[in-house]
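# Structural features, examined
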Amino acid sequence: LGLVLAVVVLGGIWIGPQLMAPRLYVSTARIVVEAPEVNDPYLMLTAMEWLRSAAVLEAASTQLGLALKWGSSDRAQIWGRLLKRIRVGQYRNTRILEVSAASEDQNEAAEIANAVVRAYVDLKINQRTEVLDLPRQALRQKVERCERRLEELRRRRREIGQELLAKPNALPEDYNAVESDLKI
């Protein structure tokens, strides 16, 4: 009887906290990291750091409304708490990264993992868009300069026309230059 009582007591001491501990749910989101044409040995490490960066954590926490949900307006505290809940790793030595999020609420775990990946994707899209916008902006400025020059030439052509009407036999000195510029 003493042995049975000891086993029950010891079992209760070991099992009791296990039953009372909150459940922790883990959700994982995966993302394929696109490799540039050059071989970058640090590509995956860089991508993993970006997934844990302040920019990604800020976007994910804003998207999830964590300041309100967690009752804090301190961004660093929110990022720290969010960072403690996620793990970023490479999947089986591939170009796939996994973002795992843990929470007592299974829906929140999934939302966090998905929001971090979504924030990373948005950040990378914005970076690429900015790079592509630079030549587009330069081209747009060149077109605007050409349009201004064309308008100047058209204005000067009208002035020359007015001068010719006033003096039919005399051509202004810059007539040929304006005509050749307009043919461009």
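Only a predicted model underlies this, so the values are computations on that prediction, with no experimental measurement involved. (Residues numbered from 1 in each chain as written. Predicted model: local features only at pLDDT ≥ 70, side-chain atom pairs only at ≥ 80, totals over all residues. Heavy atoms only, no water.)

Another point: the side chain of serine 27. You can see serine 27 is positioned in strand 1 (residues 25-32). You can call serine 27 buried: its relative accessible area is 18%. (Helix = DSSP H or I, 4+ residues; strand = E, 2+ residues; numbered from the N terminus. Buried < 20%, exposed > 50% of the residue type's maximum accessible area, 1.4 Å probe, protein only.)

Moving on to the layout of surface pockets. Counted as a void, the largest pocket has a volume near 370 Å³. In terms of lining residues, the largest pocket is bounded by 18 residues, among which Val33, Glu34, Tyr120, Lys124 and Arg128 are the most central. Sorting the residues of the lining of the largest pocket by element identifies strand 1, helix 2 (43-51) and helix 6 (106-166) as the ones contributing at least two each. By residue number, the principal contributor to the lining of the largest pocket is helix 6, which donates 7 residues. (1 Å grid on protein atoms, 1.4 Å probe; cavity = no way out; pocket = protein on both sides within 12 Å on 5 of 7 lines; lining within 4 Å. Points joined across faces, edges and corners; volume = space filled by probe spheres on them.)

Within helix 5 (residues 75-85), burial applies to Ile78, Trp79, Leu82 and Arg85. Viewed end-on, helix 5 has its buried residues packed into an arc of 120°, placing them on one side of the element. Pointing more than 90 degrees away from the buried face of helix 5 are the exposed residues Ala76 and Lys84. (Arc of directions from axis to C-beta.)

The sheet built from 3 strands is open, its strands ordered 1-3-2 with antiparallel pairing. Looking at which strands have only one partner, the edges of the open sheet turn out to be strand 1 and strand 2 (86-90). When the angles between neighbouring strand axes are averaged without regard to direction, this sheet yields 20°. Where strand 1 lies against strand 3 (residues 96-103), 8 bridges are found, and the strand directions are antiparallel. In the strand pairing of strand 3, threonine 28 is matched with serine 100. Packed on one face of the sheet, helix 5 meets strand 2 and strand 3 and runs near 50° to strand 2. (Pairing = 2+ DSSP bridges. Axes fitted to C-alpha atoms, helices over the stretch in contact; angles between N-to-C directions. Contact = heavy atoms within 4.5 Å.)

Quick look at the environment of leucine 83 now. Mapped onto the elements of the fold, leucine 83 is located in helix 5. For leucine 83, a relative accessible area of 33% gives the class partly exposed.

Turning to the side chain of serine 103, a few remarks are in order. Within the secondary structure, serine 103 sits in strand 3. On the basis of relative accessibility, which here comes to 1%, the residue serine 103 falls in the buried class. Polar side-chain contacts of serine 103 include one of 3.4 Å to the side chain of arginine 85. Reaching out from serine 103, the side chain makes a polar contact with the side chain of glutamate 108 at a distance of 2.5 Å. If we ignore the near neighbours within four places in the chain, the residues touching serine 103 are Arg23, Leu24, Tyr25, Arg85, Glu108 and Ala109. (Polar contact = N/O pair within 3.5 Å; in protein donor to acceptor, adjacent residues only side chain to side chain.)

With that settled, the discussion passes to unusual backbone geometry. Of note, arginine 92 is a non-glycine position whose phi angle comes to about 45°, a positive value. Relative accessible area serves as the criterion here: at 67%, arginine 92 is assigned to the exposed category. In the Ramachandran plot, asparagine 93 falls in the positive-phi region, its phi being about 55° despite a non-glycine side chain. Within the secondary structure, asparagine 93 sits in the loop between strand 2 and strand 3.

Limitation: the analysis is restricted to geometry and does not speak to function.
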